[in-house]
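Structural overview for review
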Amino acid sequence: MKKQPDQRVNKTDGVKYLQNQMRISKKGQWDDTFTFMKHPYACDYQGKYIISASEKTWSQAKEACENAGLILAKVRSDAEVEEITKSADYFLGERDESLKVWDQSNWIWLGGNDNEEEGVWKWTDGSAIDYFDAMNWRRPNPDNASFIRKQTQNVLAISRFGQFDDSFDHKRRHRAFACQCPGT
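So, here's what we can say about the structure.

Parameters at a glance
- Residues numbered from 1 in each chain as written.
- Predicted model: local features only at pLDDT ≥ 70, side-chain atom pairs only at ≥ 80, totals over all residues.
- Heavy atoms only, no water.
- Helix = DSSP H or I, 4+ residues; strand = E, 2+ residues; numbered from the N terminus.
- Expected span 1.5 Å × (residues − 1).
- Buried < 20%, exposed > 50% of the residue type's maximum accessible area, 1.4 Å probe, protein only.
- Phe/Tyr/Trp six-rings, centres within 6.5 Å; stacked < 30°, edge-to-face > 60°.
- Lys NZ or Arg CZ within 6 Å of the ring centre and 35° of its normal.
- Salt bridge = Lys/Arg side-chain N within 4 Å of Asp/Glu carboxyl O.
- Disulfide = S-S within 2.5 Å.

1. Notes on helix 2 (residues 78-92)
End to end, helix 2 covers 21 Å across 15 residues, agreeing with the expected 21 Å (1.5 Å per residue, within 8%). Considered for burial, the residues of helix 2 that qualify are Glu80, Val81, Ile84, Thr85, Ser87, Ala88, Asp89 and Phe91. Gly93, located one to two residues past helix 2, shows a positive phi value of around 90°.

Structure (structure tokens):
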């Protein structure tokens, strides 16, 4: 939602309450809310993935998911590729076929990374990415940007069309991101 988080204060019976809970609207918009208010929990909606239209760097996206009690999403099979692309349509609206493939609005951050050891890809929870070799990579990926020779590509993104990219966690690279409930 616009201007969120807003950290409104509520004073009830002389007690000051801050908005310290997260909720997500059906449109994928995040809102901070009060603990004492009834609201649907993010993990109770009908799917595995919650996609935020708020564009962030990979590190900021990871932090946003963790702050909501979630993890950056894992995509571990062709069925999950289909599920996350449908979730993207649900939360972000239908994809725009007229956009160029590498347009930032076509890409969504996932939790995969090889930050600890180059070439050893893991999810943010530390589990191995067993699906890595079977992923539908957008050519020429995974390329680790060897042609640039400056910085390696250590984080994972998926396109709205179901293709994967090893990417940069860079201050100028902002994308939507997908979270999921731990253990799903």
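2. Focus on the packing of aromatic side chains
Taken as a whole and judged by the stated rule, the model has one aromatic pair. Ring centres 5.0 Å apart and planes at 85° place the aromatic pair Tyr90 and Phe91 in the edge-to-face group. Looking at Tyr90, the relative accessible area reads 35%, which means it is partly exposed. The ring of Trp109 carries Arg175 above its face, with NZ or CZ at 4.7 Å from the centroid.

3. Things to note about the environment of Ser105
Turning to its location among the elements, Ser105 is positioned in the loop between helix 2 and strand 7 (107-113). For the pair formed by Ser105 and Ala53, sequence separation is 52 residues and the distance between their alpha carbons is 9.1 Å.

4. Some thoughts on the pattern of salt bridges
In total, this model carries nine salt bridges according to the counting rule given. Put simply, Lys48 and Glu80 hold a salt bridge, and the shortest N to O gap is 2.5 Å. Here Glu80 lies in helix 2 and Lys48 lies in the loop between strand 4 (30-33) and strand 5 (49-56), a separation of 32 residues in the sequence. Both residues of the pair, Lys48 and Glu80, belong to the buried class. Asp165 is the partner of Arg175 in a salt bridge, and the nearest nitrogen-oxygen pair spans 3.9 Å.

5. Points about the state of the cysteines
Tallying each qualifying case throughout the model produces one disulfide. Here Cys65 is linked by a disulfide to Cys179, with a sulfur-sulfur distance of 1.9 Å. The S-S bond linking Cys65 to Cys179 shows a torsion near -80°; that makes this disulfide left-handed. Here Cys65 is found in helix 1 (residues 58-67), whereas its partner Cys179 is found in strand 10 (residues 175-180), with 114 residues between them in sequence. The exposure classification of Cys65 matches that of Cys179, with both residues buried.

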